[in-house]
Amino acid sequence: MQFKLHPVPECIKSRNPAPHVSSIEQYKEIYEESIKNPTEFWGKLANELITWNTPFQTVLSGGFEHGDVTWFREGQLNASYNCVDRHALKNPDKVAIIYEADEPGQDRKITYGELLRDVCRFANVLKAHGVKKGDTVAIYMPMVPEAVVAFLACARLGAIHSVVFAGFSSDSLRNRILDASSRFVITADEGCRGGKIINTKKIVDEALLGCPDVERVFVFRRTGSSSVPFSSPRDVWWHEEVEKQRPHCPPEIVNAEDPLFILYTSGSTGKPKGLLHTTAGYLLGAATTLKYVFDYHEGDIYGCMADIGWITGHTYIIYGPLAIGGTTVLFESTPVYPSPSRYWEVVAKHKITQFYTAPTAIRLLRKFGREHVDPHDLSSLRVIGSVGEPINPEAWEWYNEVVGRNVCSVVDTYWQTETGSIIVTPLPGCTSTKPGSATFPFFGIDVAILNPESGEEITSTEAEGVLAIRRPWPSMARTVYNDHNRYLDTYLRPYKGYYFSGDGVGRDCDGYYWIRGRVDDVINVSGHRLSTAEIESALIMHSATAEAAAIGVASELKGQCVHAFVTLKPNCEGTDVKDLILQVSKNIGSFAKPEKIYIVNDLPKTRSGKIMRRVLRKIVDGQTDSLGDLTTLADPKIVNTLIENVKKS
Ligand code: ATP
Ligand code: MG
């Protein structure tokens, strides 16, 4: 498929203040320097962006071979000091968090001064109940400012937070509490999302039936409902406890390589892995990418719509924006509550300058139509970002034109829970974009494309294979919690000397990278390797398509053939499947055309909004008794509907 090149709009280049990187030549120069002299490059940034209690001497040691990477090994610091104190001391009245509550109109602003006092008080609460350095603390909380306080209070004590997305069931929560050996849980009475109440504490209690080692549960009062189960002395109320504590708590100074948090992956491909991130490298990755990828400048209002339960929320709602002393928006609601205009009302109200969301949300809003976007004043926006899945070019164009009004930088950012921060991305002000391509590697990220079978590196500009990384970068996960062998097996052993991402990738004649989706999802039709992203993007070009998922199904003749699941836009029920198939032959070639298309009401997605193709594959294969781990599925009920759908057709 051929796609339009979007040069950087003139108005971005001539902006005041100028973008941090203002030409592609400058990007290339910095990039090459970062690869040639990583020690100098990261060492300098680490001194610029992080406040150290003890300076580091060794920038990088260890490597992929033994999985013993360390960054800044002698350095000592505290992450909460870096995210709060140093800004509060300088500028206590600057707004740190804008909390946009579920119900419009209930927003609240928290300054750095207030955040510091809140974090200190709560850290003292944790301490009083026995939390100490190295303990793991489970956080299962709605999107309220106190959740941010909980993250930072753990970091202040050198305790390791393990955040579990508050949409997970009690079973999923229990598994994660047990896997991370958490003896403490921080939660809320209830959550509010999209006008609905979530029985947060009830779910925690169910989970804890199987967690005898949990000693204390800290309960924040979000709704104040009287029917919330509460069992003393295990459970304590947040508001009662903080009243006992003074708002001063010296930060526990930790080593650069001491753990900051554990976080489980989304579970798109199988059993989630509890990745462990360490303090200094992670923080540096978060701060650096926040500054350059989003072209952050003093005074910006940064709005990432992810949930704090995912890596995107960790890095780009909390650690990145706060490390850099910015103002971050914490959005409790959904893109469609109370109407599909919600995002744009929020952007206009808070004058958001950087807006970051996922393709699933963009496709959803595109389905509802631009009439929900157009009436809102989006002139504050400078950078609009996407993360989580390949973004279909059609959705990219919509985002750029309707939301970005052709004057914003669109950053399609590729990264993973494992990478800690963005690794392939355009930079505002310098990168000409191609819709659907994440463009070029970020500074210090030495990307390689490997032949999946031989493991050989493909050095030609045009290449197709698996995405690997040649050398360590600061924010990479250091291990899978309590399972270093699984870490080695998954990431470092498949291709000796490389970090293996698990994703397929292409590099075009201009050197642009195109993430093809997971290697396990690649479809092989008569020897042609097809990415699911490519077929889905073709299907979405049809004006009736809202979303699409393509899978490979065994075929005697071709090895594999393509089947696709499609959801339609409102009022498009009559769409002829033949037209959809034609769209694929037209855009890719007739060899790629789906043998079968199922029109469905919804696609199976993870709770973070990613399409779970492995479920569709199993359903079509008739292996409905071995669907694998479904606990990360957003709506498990959908499986039976899909099985019926496939049977009928
Ligand atoms: P699991 O590892 O448990 O299967 P997951 O990989 O979905 O779950 P995450 O770490 O949240 O968990 O997601 C990272 C993955 O998301 C990447 O490996 C990639 O497949 C996909 N991804 C993220 N951003 C992009 C992007 N901009 N373009 C294409 N794919 C992306
Ligand atoms: Mg993954």
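With an unreviewed UniProt entry as reference, the chain is termed Acetyl-coenzyme A synthetase, source organism Gigaspora margarita. The annotation that UniProt attaches to the chain under Catalytic activity (unreviewed entry) is "acetate + ATP + CoA = acetyl-CoA + AMP + diphosphate".

Lay out the site of ligand 1 with the relevant residues and their values.
Taken together, 21 residues lie near ligand 1, and T265, S268, T269, T417 and D503 sit nearest. Residue T417 places a side-chain N or O atom 2.5 Å away from an oxygen atom belonging to ligand 1. R518 places a polar side-chain atom, nitrogen or oxygen, 2.9 Å from an oxygen atom of ligand 1. With the chains in place, 95% of the 630 Å² that ligand 1 exposes on its own is no longer accessible. In terms of residue class, the shell around ligand 1 is built from 5 nonpolar, 9 polar and 7 charged.

Kindly report on the nonpolar core, identifying the contributing residues and their values.
Judged by nonpolar contacts, the single largest core of 127 residues is most densely connected at F72, L115, F122, I186, F294 and Y319. Looking at this core, the element that brings in the most residues is helix 6 (residues 145-157), giving 10 residues. Among residues more than four places away in sequence, those in contact with F294 are T289, Y302, Y316, Q354, Y356, R382, V383, V411, I422 and P428. With 27 residues, the next largest nonpolar core counts V347, I362, L365 and A395 among its residues.

Give a description of the confidence of the model for the chain that names residues and reports values.
Here the chain averages 96 in pLDDT, and 100% of its residues register 70 or above. Highest mean pLDDT in the chain belongs to strand 3 (residues 76-77) (99); lowest belongs to strand 27 (residues 528-530) (86). Reported confidences for the modelled complex are a pTM of 0.96 and an ipTM of 0.99.

Please give an account of the packing of aromatic side chains that cites residues and values.
Following the criterion strictly, the structure yields 38 aromatic pairs and no others. Plain terms: the ring middles of Y292 and F443 are 5.6 Å apart, the flat faces sit at 75° to each other, and that makes the pair edge-to-face. A residue pair is termed long-range when its members are at least 10 positions apart, and Y292 in helix 10 (residues 279-293) and F443 in the loop between strand 20 (409-412) and strand 21 (447-450) qualify at 151 residues. The aromatic ring of F168 is capped on one face by R176, whose charged end is 4.3 Å from the ring centroid. Taking the ring centre of Y512 as reference, the NZ or CZ of K434 above it sits at 4.4 Å.

How would you explain the sheet that holds strand 8 (residues 184-188) if you had to name every residue and give the values?
Each strand in a sheet pairs with its neighbour through backbone hydrogen bonds, running either in the same direction (parallel) or in the opposite one (antiparallel). Overall, mixed pairing links the 8 strands, which are arranged 12-11-8-6-7-14-15-23 in an open sheet. In this open sheet, the two strands that pair with only one neighbour each are strand 12 (235-237) and strand 23 (479-480). Pairing analysis gives 2 bridges linking strand 15 (residues 274-278) to strand 23, with the strands arranged antiparallel. Each residue of the ladder has a partner; that of L275, found in strand 23, is V480. Against the sheet, helix 8 (residues 200-208) contacts strand 6 (136-140), strand 8, strand 11 (216-220) and strand 12, and its axis sits at roughly 155° relative to strand 8. Running over the sheet, helix 11 (residues 311-323) touches strand 7 (160-163), strand 14 (259-264) and strand 15 and is turned about 140° from strand 14.

Outline the pattern of salt bridges, listing residues and values.
For the structure shown, the criterion picks out 40 salt bridges. Between R613 and E536 there is a salt bridge, with its nearest N and O atoms 2.8 Å apart. Here E536 lies in helix 16 (residues 532-540) and R613 lies in helix 18 (residues 613-621), a separation of 77 residues in the sequence. Residue R613 is classed as buried on the basis of its relative accessible area of 8%. Between E644 and K647 there is a salt bridge, with the nearest N and O atoms lying 3.9 Å from each other. Of this pair, E644 and K647 both sit in helix 19 (residues 638-648), 3 residues apart, roughly one helical turn. Through salt bridges with shared partners, one network takes in E100, D107, R342 and K349.

Would you mind going over the environment of S22 in detail, with residue names and values included?
Examined against the element boundaries, S22 turns out to sit in the loop between helix 1 (10-13) and helix 2 (24-36). For S22, a relative accessible area of 36% puts it in the partly exposed group. Beyond its immediate stretch of four places on either side in the chain, S22 contacts G429 and C430.

Summarise the sheet that holds strand 18 (residues 354-357); cite the residues concerned and give the values.
The strand order across the open sheet built from 7 strands is 5-4-17-16-18-19-20, with neighbouring strands paired in mixed fashion. Edge positions in the open sheet fall to strand 5 (108-111) and strand 20, since each of these has one partner strand only. Strand-to-strand twist of the sheet, defined as the mean angle between neighbouring strand axes without regard to direction, takes the value 20°. Bridge count between strand 18 and strand 19 (residues 383-386): 4 bridges; the pairing is parallel. Note on strand 19: the bridge partner recorded for T357 is S386. Against the sheet, helix 11 contacts strand 4 (95-100), strand 16 (301-304), strand 17 (327-331) and strand 18, and its axis sits at roughly 150° relative to strand 17.

Cut-offs and rules
- Residues numbered from 1 in each chain as written.
- Chains lettered and ligands numbered in written order.
- Predicted model: local features only at pLDDT ≥ 70, side-chain atom pairs only at ≥ 80, totals over all residues.
- Heavy atoms only, no water.
- UniProt positions renumbered as here; feature names shortened; annotations may be inferred.
- Near = heavy atom within 4 Å.
- Polar contact = N/O pair within 3.5 Å; in protein donor to acceptor, adjacent residues only side chain to side chain.
- Areas by Shrake-Rupley, 256 points an atom, 1.4 Å probe, with all protein chains shown as cover.
- Nonpolar A, V, L, I, M, F, W, Y, C, P; charged D, E, K, R; others polar.
- Core = buried A, V, L, I, M, F, W, Y, C linked by side-chain atoms within 4.5 Å.
- Buried < 20%, exposed > 50% of the residue type's maximum accessible area, 1.4 Å probe, protein only.
- Helix = DSSP H or I, 4+ residues; strand = E, 2+ residues; numbered from the N terminus.
- Contact = heavy atoms within 4.5 Å.
- pLDDT = per-residue confidence, 0-100.
- Phe/Tyr/Trp six-rings, centres within 6.5 Å; stacked < 30°, edge-to-face > 60°.
- Lys NZ or Arg CZ within 6 Å of the ring centre and 35° of its normal.
- Pairing = 2+ DSSP bridges.
- Axes fitted to C-alpha atoms, helices over the stretch in contact; angles between N-to-C directions.
- Salt bridge = Lys/Arg side-chain N within 4 Å of Asp/Glu carboxyl O.

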